[in-house]
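In case you want the letters, here they are:
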Amino acid sequence: MKPAPFAYKRARTLDEAVALLGEHKDARLLAGGQSLIATLNMRLSTPSLLVDINGISGLAGVAHKNGKVEIGALVRHAEAERSELIAKYAALIARAMPHIGHAAIRNRGTLGGSIAFADPAAELPACLLALDGEVEASGPQGKRTIRAQDFFKGLFETALGPQEVLTAIRVPAAGKDTRVGFAELARRHGDYAIVGLAASARADGKKLSDVRLAYFGVGATPMRARKAEAALASGGVEAAVAALDLDPHDDIQATAKTKKHLAGVLLRRVANQLLETR
Ligand SMILES: Cc1cc2nc3c(=O)[nH]c(=O)nc-3n(C[C@H](O)[C@H](O)[C@H](O)COP(=O)(O)OP(=O)(O)OC[C@H]3O[C@@H](n4cnc5c(N)ncnc54)[C@H](O)[C@@H]3O)c2cc1C
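Scoring rules and cut-offs
- Residues numbered from 1 in each chain as written.
- Predicted model: local features only at pLDDT ≥ 70, side-chain atom pairs only at ≥ 80, totals over all residues.
- Heavy atoms only, no water.
- Domains from an automatic or database assignment.
- Contact = heavy atoms within 4.5 Å.
- Buried area = accessible area lost by both parts, 1.4 Å probe.
- Salt bridge = Lys/Arg side-chain N within 4 Å of Asp/Glu carboxyl O.
- Helix = DSSP H or I, 4+ residues; strand = E, 2+ residues; numbered from the N terminus.
- Pairing = 2+ DSSP bridges.
- Axes fitted to C-alpha atoms, helices over the stretch in contact; angles between N-to-C directions.
- Buried < 20%, exposed > 50% of the residue type's maximum accessible area, 1.4 Å probe, protein only.
- Core = buried A, V, L, I, M, F, W, Y, C linked by side-chain atoms within 4.5 Å.
- Near = heavy atom within 4 Å.
- Polar contact = N/O pair within 3.5 Å; in protein donor to acceptor, adjacent residues only side chain to side chain.
- Areas by Shrake-Rupley, 256 points an atom, 1.4 Å probe, with all protein chains shown as cover.
- 1 Å grid on protein atoms, 1.4 Å probe; cavity = no way out; pocket = protein on both sides within 12 Å on 5 of 7 lines; lining within 4 Å.
- Sits in = over half its atoms within 2 Å of the grid points.
- Nonpolar A, V, L, I, M, F, W, Y, C, P; charged D, E, K, R; others polar.
- Phe/Tyr/Trp six-rings, centres within 6.5 Å; stacked < 30°, edge-to-face > 60°.

**Some points on the domain arrangement of the protein**
Okay, so step 1: Assigned domains within the protein: domain 1 (1-173) and domain 2 (178-275).
Okay, so step 2: The distance between the C-alpha centroids of domain 1 and domain 2 comes to 25 Å.
Okay, so step 3: Contact residues are listed per partner, giving 26 residues for domain 1 and 24 residues for domain 2.
Okay, so step 4: Buried surface at the junction of domain 1 and domain 2, both sides included, amounts to about 2,000 Å², of which 62% is carbon and sulfur.
Okay, so step 5: If you look at where domain 1 meets domain 2, you find 1 salt bridge.
Okay, so step 6: D132 is the partner of R212 in a salt bridge, and the nearest nitrogen-oxygen pair spans 3.7 Å.
Okay, so step 7: Where the side of domain 1 that touches domain 2 is concerned, the elements lending two or more residues are α5 (91-96), α8 (123-130) and β8 (152-154).

**Observations concerning the sheet that holds strand β3 (residues 49-52)**
The strands that make up a sheet are held in pairs by hydrogen bonds between backbone atoms, and each pair lies either parallel or antiparallel.
Okay, so step 1: Taken in spatial order, the 3 strands line up as β1-β3-β2 in an open sheet, and their pairing is parallel. Strand pairing shows two members of the sheet lacking a second neighbour, β1 (7-10) and β2 (28-30), which therefore form its edges. On average, each strand axis in the sheet is inclined to that of its neighbour by 30 degrees, with strand direction left out of account.
Okay, so step 2: Summarising the sheet, β2 and β3 pair through 3 bridges and their orientation is parallel. Residue R28 lies in a different strand from β3, and its bridge partner there is L50.
Okay, so step 3: Against the sheet, helix α1 (residues 14-23) makes contact with β1, β2 and β3, and its axis sits at roughly 170 degrees relative to β3, the strand it touches most.

**Remarks on the pattern of salt bridges**
Okay, so step 1: A complete count under the given rule lists 18 salt bridges for this structure.
Okay, so step 2: Across the salt bridge formed by E164 and R144, the nearest N and O atoms sit 2.7 Å from each other. Of this pair, E164 sits in the loop between β9 (157-158) and β10 (165-172) while R144 sits in strand β7 (residues 142-147), and the two are 20 residues apart along the sequence.
Okay, so step 3: The exposure class of R144 is partly exposed, given its relative accessible area of 34%.

**Let's talk about the nonpolar core**
Okay, so step 1: Counting 40 residues, the largest nonpolar core has I93, L111, I115 and F151 as the members making the most contacts within it.
Okay, so step 2: The biggest single contributor to this core is α8, with 6 residues.
Okay, so step 3: Here this core spans two domains, since at least three of its residues come from each of domain 1 (1-173) and domain 2 (178-275).
Okay, so step 4: For I115, the residues in contact, after removing those within four places along its chain, are L124, P125, L128, V135, F151, F152, T158, L166 and I169.
Okay, so step 5: Core analysis: the second largest hydrophobic core is formed by 30 residues, A225, L246, L262 and A263 among them.

**Focus on the site of the ligand**
Okay, so step 1: In the neighbourhood of the ligand, 30 residues make up the surrounding shell, with L29, G33, L36, T110 and E123 lying closest.
Okay, so step 2: Taking L29, its main chain carries an N or O atom lying 2.6 Å from an oxygen atom of the ligand.
Okay, so step 3: For the ligand, an oxygen atom lies 2.6 Å from a polar atom in the side chain of T110.
Okay, so step 4: Computed on the free molecule, the ligand has an accessible area of 970 Å², of which 88% lies beneath the protein chains in the complex.
Okay, so step 5: Its atoms largely coinciding with the cavity grid, the ligand occupies the largest pocket.
Okay, so step 6: Listed by contribution, the elements that provide at least two residues to the shell around the ligand are β2, α7 (111-117) and β10.
Okay, so step 7: Take the shell around the ligand: its biggest share by element is 4 residues, from α7.
Okay, so step 8: Broken down by class, the residue content of the shell around the ligand amounts to 15 nonpolar, 12 polar and 3 charged.
Okay, so step 9: Both domains that furnish three or more residues to the shell around the ligand are identified here as domain 1 (1-173) and domain 2 (178-275).

**Quick notes on α1**
Okay, so step 1: Within α1, burial applies to A17, V18, L20, L21 and G22.
Okay, so step 2: Buried-residue contacts for α1 involve β1, β2, β3, β6 (134-139) and β10.

**Focus on the packing of aromatic side chains**
Okay, so step 1: For the structure on display, the rule yields 3 aromatic pairs.
Okay, so step 2: Arranged with centres 5.1 Å apart and planes meeting at 90 degrees, the rings of F151 and F152 form a pair that is edge-to-face. For the residue pair F151 and F152, the accessibility class agrees, reading buried in each case.
Okay, so step 3: Summarising the aromatic geometry, the rings of F182 and F216 are spaced 5.9 Å apart at their centres and angled 25 degrees between planes, so their arrangement reads as stacked. Of this pair, F182 sits in strand β11 (residues 178-185) while F216 sits in strand β13 (residues 207-216), and the two are 34 residues apart along the sequence. Side by side, F182 and F216 carry an identical accessibility label, which is buried.

And the structure:
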């Protein structure tokens with residue numbers, strides 16, 4: 001199929017992009033286009049205007065400042081995959097990157113686009129939640145910061161207002177005691193996950209604390225498994241699997257029962273990563 005007709009404007013500044021979103025209520029921002037163009041081609045979305053944000057300066061780059069790693073909205077997946085700063089201070093994101101689609105998609109897709117699109121089976125929203133990260137957005141009222149736990153509202157639904165542009169994400173920079181774990185099960189490498197798990201914790205030898213388990217592919221948003229987190233910190237891996245508090249539904253990939261089983265399989269794998277000593 002071909003998309004419905006639409007106009008195209010390349011915004012040169014953030015203010016211009018915000019203003020265009022105000023003037024054209026059904027306009028869509030265009031970042032890497034790897035999700036948006038598919039939805040246009042399938043006519044799931046028929047905006048009258050695409051506002052290309054790729055020419056806006058200040059949305060690129062990775063920085064380590066004030067104890068956080070800040071990643072600009074336009075940083076491509078491939079750039080994040082190769083970033084030494086992300087590998088050192090936000091290793092969970094580095095681990096997740098190779099699972100996102102294929103190289104051609106990672107060359108164009110952006111971190112901001114993935115977080116704003118909020119696909120429930122996507123890797124990065126779960127990583128942001130597991131790392132207790134935050135999103136920076138700019139709109140007509142200026143800038144604001146939204147914690148990941150408040151950002152993902154429902155299926156492809158976020159806390160972003162209709163005129164807001166996601167400008168960056170931030171995650172706490174990893175310290176010596178930070179541990180991360182990542183695993184997913186997909187039919188083929190590069191497919192969206194049937195179930196996936198992004199996790200972070202603090203480790204003191206084999207003792208874990210501040211465990212955060214963020215599953216994806218099991219609900220409308222990335223989901224924390226809080227009882228399993230507590231059980232992993234206090235009991236152990238099998239106690240955590242027994243406590244797994246997820247309620248997935250059947251989807252085209254797998255039944256709810258299979259997903260719940262796979263969530264336990266992933267928890268064992270990820271727990272071993274968290275418990276690896278350095
Ligand atoms: C074949 C294929 C396989 C894929 N597999 C995976 C996968 O396994 N895992 C995965 O996570 N993703 C996968 N993707 C999606 C890919 O990661 C996308 O790049 C990403 O989801 C969206 O990023 P984008 O920059 O391409 O955004 P776009 O497609 O340009 O935009 C997506 C949506 O977000 C909005 N948006 C974009 N940027 C901003 C911003 N800065 N502020 C506010 N709104 C914004 C747009 O208006 C649009 O509604 C796949 C894509 C394809 C085509």
